[in-house]
Each structure stands twice: as structure tokens, then as C-alpha cells.
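Here is how the chains run, residue by residue.
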Amino acid sequence: EAGVAQSPRYKIIEKRQSVAFWCNPISGHATLYWYQQILGQGPKLLIQFQNNGVVDDSQLPKDRFSAERLKGVDSTLKIQPAKLEDSAVYLCASSFPTSGRVSYEQYFGPGTRLTVT
Amino acid sequence: SQKIEQNSEALNIQEGKTATLTCNYTNYSPAYLQWYRQDPGRGPVFLLLIRENEKEKRKERLKVTFDTTLKQSLFHITASQPADSATYLCALDIPGSGNTGKLIFGQGTTLQVKP
């Protein structure tokens, strides 16, 4: 089966600019996650969707970050305006096939490396 | 507050030896724990899941133990190979998250296997 797709792979922007990342999860996965991974740290959850509804966005900096999953399939994460500390890898993951089988493992995409200058 | 700790220093071992990585947690009672592998420039890849009522889980050369009394998990790679060199992340489910699959990740330990 095809894995989680993300684009772009790399992005360089100046502070105060905006940027958007796209994710297409594994077909049939109901749950989609966006993580931020700063160099040398583990992934930190930003937002979790179940189908097209938000399950948890408690760690999403809502003054500058937004995310949507309108049709319950692919998702976009946006940052506006970007700050220097937003430089990180943004990972998308999916899990929980809708077939009913409980699956706790998450499948990650390759990530988007964002550099804010 | 909840805390997950993995060895921040890289682990360097000789090929053929057993690598043992540690994951400790505090203020926490996870229902399950997962281990992931991450290569440079790539997303994490799921390796193993162990539940709170399981003491040990094996998969090929990998073995995970889960001691809920010590609040610790050990991850072993036997007969290690240079191809096992990567960063290994442990992740625990969030208490109260029900069946949503929400995880907290440790910072990861980098393993370097020398030929």
C-alpha cells in the first residue's frame, strides 16, 4: 500500500511570511496527526483529526497555526506569520483503519523541513 | 508533570553485540508503549508495541520489555548490524485519551553500530 505523502519536502521562508504543508494519509486511515519535530527532540503533537473532526489541538499555537481536513482525507497545515522558532520538521502521520481493526501504530510521512530565516 | 526520558547520549557498539536502549517515564500510567526507528531525513517507522499487561515482546532480533513498577522499558537489538544505526524513539499513550491513539514521544537515542 502507498505510504503517507507530504509536500513540499523542504521550504525556506523569511520570518513573518506564511507557509502551507500538505499531507495525504494512507487510504482508509481515519486518524491523521500533525507533529512538529525540532532538531534533537522527539515529535511533538500539534493536532489530531478523526475523519474531518478535530480530536485534540491543545498544543497548536492557534494565533499562528491552523489546520484543516475538510473531506476527511488529505490535510493542510498553515503557519502565518512564521517565526524563527518555527524552524523544524513537520511530520504527518495516520492510523486507525476504518475497517474496524484497532491499530495503535502510527504511519509517518517523510516530513517537511522548514527553515525560517 | 508527565516526563519521558531516553538516553540523550549516543550509544556506540560493535557489530554483533546486543544494543540496549532505555526509556523511563514518570507521573504516568500508560496502557501501552511503542518503539519507533527514525533515519536521518525520514519519518519514524513503527517497530513494536507492548501493552501494560505484557512483560516482554519479541520480533526477529528485537526485544522489548515493559516494567510498570520501575516505569521503564528496555529495547534490545541482538546481533546488531551497521544497518541498525539510527535514532530510536519510545512513545507512550496519553492517559485519558481513550482509544484515540494519542502519543507522547521521548527525545530519542541515537545508536551507532560499528563494523
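Scroll up for the structure.
Residues numbered from 1 in each chain as written. Chains lettered and ligands numbered in written order. Predicted model: local features only at pLDDT ≥ 70, side-chain atom pairs only at ≥ 80, totals over all residues. Heavy atoms only, no water.

### With respect to the state of the cysteines
Residues and elements named next belong to chain A.
In step 1: Applying the stated criterion across every chain yields a total of two disulfides over all chains.
In step 2: Each sulfur in the disulfide pair Cys23 and Cys92 lies 1.9 Å from the other. Classification of the bridge connecting Cys23 and Cys92 rests on its S-S torsion, roughly -65 degrees, and on that basis the disulfide is left-handed. Placement of the pair is Cys23 in strand 3 (residues 19–24) and Cys92 in strand 9 (residues 88–97), with a sequence separation of 69 residues. Like Cys92, Cys23 is buried. (Disulfide = S-S within 2.5 Å. Helix = DSSP H or I, 4+ residues; strand = E, 2+ residues; numbered from the N terminus. Buried < 20%, exposed > 50% of the residue type's maximum accessible area, 1.4 Å probe, protein only.)

### Some remarks on the packing of aromatic side chains
In step 1: One pass over the structure, following the stated rule, counts 13 aromatic pairs over all chains.
In step 2: Here the aromatic rings of A:Tyr35 and B:Phe105 are separated by 5.6 Å at their centres, their planes lie at 90 degrees, and the arrangement is edge-to-face. A residue pair is termed interchain when its members come from two chains, as with A:Tyr35 in strand 4 (residues 29–37) and B:Phe105 in strand 10 (residues 103–105).
In step 3: Arranged with centres 6.0 Å apart and planes meeting at 80 degrees, the rings of A:Phe108 and B:Phe105 form a pair that is edge-to-face. Of this pair, A:Phe108 sits in strand 10 (residues 107–108) while B:Phe105 sits in strand 10, each in a different chain. Neither residue differs from the other here; A:Phe108 and B:Phe105 are each classed as buried.
In step 4: Ring pairing ties together the aromatic residues A:Tyr33, A:Tyr35, A:Phe108, B:Tyr36, B:Phe46 and B:Phe105, which thus form one cluster. (Phe/Tyr/Trp six-rings, centres within 6.5 Å; stacked < 30°, edge-to-face > 60°.)

### Observations regarding the interface of chain A and chain B
In step 1: With 23 residues of chain A in contact, the opposing surface of chain B contributes 20 residues.
In step 2: Summed over both sides, the interface between chain A and chain B buries roughly 1600 Å², with carbon and sulfur atoms accounting for 53% of that surface.
In step 3: Our enumeration of links across chain A and chain B arrives at one salt bridge.
In step 4: Among the salt bridges present, the one from B:Lys102 reaches A:Asp56, with a minimum N-O distance of 2.1 Å.
In step 5: In this assembly, chain A and chain B are joined by four residue pairs in polar contact (both at pLDDT 80 or more).
In step 6: For the side of chain A that touches chain B, the secondary-structure elements that each account for two or more residues are strand 4, strand 5 (44–50), strand 6 (53–56) and strand 9 of chain A.
In step 7: Top contributing element to the side of chain A that touches chain B by residue count: strand 4 of chain A, with four residues.
In step 8: Looking at side-chain class alone, the side of chain A that touches chain B contains eleven nonpolar, nine polar and three charged residues. (Contact = heavy atoms within 4.5 Å. Buried area = accessible area lost by both parts, 1.4 Å probe. Salt bridge = Lys/Arg side-chain N within 4 Å of Asp/Glu carboxyl O. Polar contact = N/O pair within 3.5 Å; in protein donor to acceptor, adjacent residues only side chain to side chain. Nonpolar A, V, L, I, M, F, W, Y, C, P; charged D, E, K, R; others polar.)

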